[in-house]
Amino acid sequence: MKSLFRKSLKTIALASLVVLSATATALAQNPRIQTSQLDALTSKASQTVDVNIDERLIQITIKFLGKDPEALKVRDVISGLKGIYVKSLEFEKEGEYSVADLESIRSQLSNSAWSKIVNIHSKKEGNVEVYLMSTPTQISGLAVLASDVKEITVVNLIGN
């Protein structure tokens, strides 16, 4: 999956930049993906990553960025973000989680506010799905669900 994810990273990064360049937030639904249902799997996981950066922390980070051109570019990209959330679980062996464990995530992404913009399936390396939350004129979120037989990763970006 790591190889598949790396190969797809440029495509995902480009899609992310499109999302982050939007100027308004969607009103239809909360773009925050709830991942607490995956907490039951943490006891089975050999490694877990849980990142929760809310708007307050993003604004504090912006204050510490310098004034050089590169810092200003970073500031422009992250100033519209309201949250960055990542949950990743890695397992020692196959079968420690089931496809049903991912359905709670997919069900949140299946309503009309979310559109699947990237869908990669590989029998060898796993799956990567990228979703965009939008209305006809507004974009407010990006979600990435990556999985293989030994790993689950959910990335959720909220904001412009």
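Quick caveat: nothing in here was measured; it's all calculated off a predicted structure.

### Observations concerning the sheet that holds strand β3 (residues 114–122)
Read from one edge to the other, the open sheet built from six strands follows the order β1-β2-β6-β5-β4-β3, with strand pairing classed as antiparallel. The sheet is open, and its two edges are formed by β1 (47–54) and β3, each paired on a single side. Adjacent strand axes in the sheet meet at a mean angle of 5° when their direction is disregarded. Summarising the sheet, strand β5 (residues 139–148) and strand β6 (residues 151–159) pair through eight bridges and their orientation is antiparallel. Among the inter-strand pairings, G141 is bridged to a residue of β6, identified as I158. Along the sheet, helix α4 (residues 99–108) contacts β3, β4 (126–134), β5 and β6; its crossing angle with β5, the most-contacted strand, is approximately 160°.

### A word on the side chain of R75
Within the fold, R75 resides in helix α3 (residues 69–78). Look at R75: it is buried, it has no salt bridge, and the nearest opposite charge is D76 at 6.5 Å. Discounting residues that sit within four places of it in the chain, R75 has contacts with I62, L65 and G66.

### Things to note about the pairing of β4
With seven of nine residues buried, β4 lies mostly within the body of the structure. Here eight bridges tie β3 to β4, and the two strands are oriented antiparallel to one another. In the sheet register, S115 faces β4, and the bridge partner there is L132. Alignment of β4 against β5, held across eight bridges, turns out to be antiparallel. Looking across to β5, one finds that V128 is bridged to A146. Between β4 and β5, which pair antiparallel in sequence order, lie four residues.

### Observations concerning the confidence of the model for the protein chain
Averaged over all residues, the pLDDT of the protein chain equals 84, while 82% of them reach at least 70. Across residues 9–28, where pLDDT falls below 50, the model places 35 contacts with residues more than four positions away in sequence or in other chains.

Rules used throughout
Residues numbered from 1 in each chain as written. Predicted model: local features only at pLDDT ≥ 70, side-chain atom pairs only at ≥ 80, totals over all residues. Heavy atoms only, no water. Pairing = 2+ DSSP bridges. Helix = DSSP H or I, 4+ residues; strand = E, 2+ residues; numbered from the N terminus. Axes fitted to C-alpha atoms, helices over the stretch in contact; angles between N-to-C directions. Contact = heavy atoms within 4.5 Å. Buried < 20%, exposed > 50% of the residue type's maximum accessible area, 1.4 Å probe, protein only. Lys, Arg positive; Asp, Glu negative; His and termini not counted. Salt bridge = Lys/Arg side-chain N within 4 Å of Asp/Glu carboxyl O. pLDDT = per-residue confidence, 0-100.

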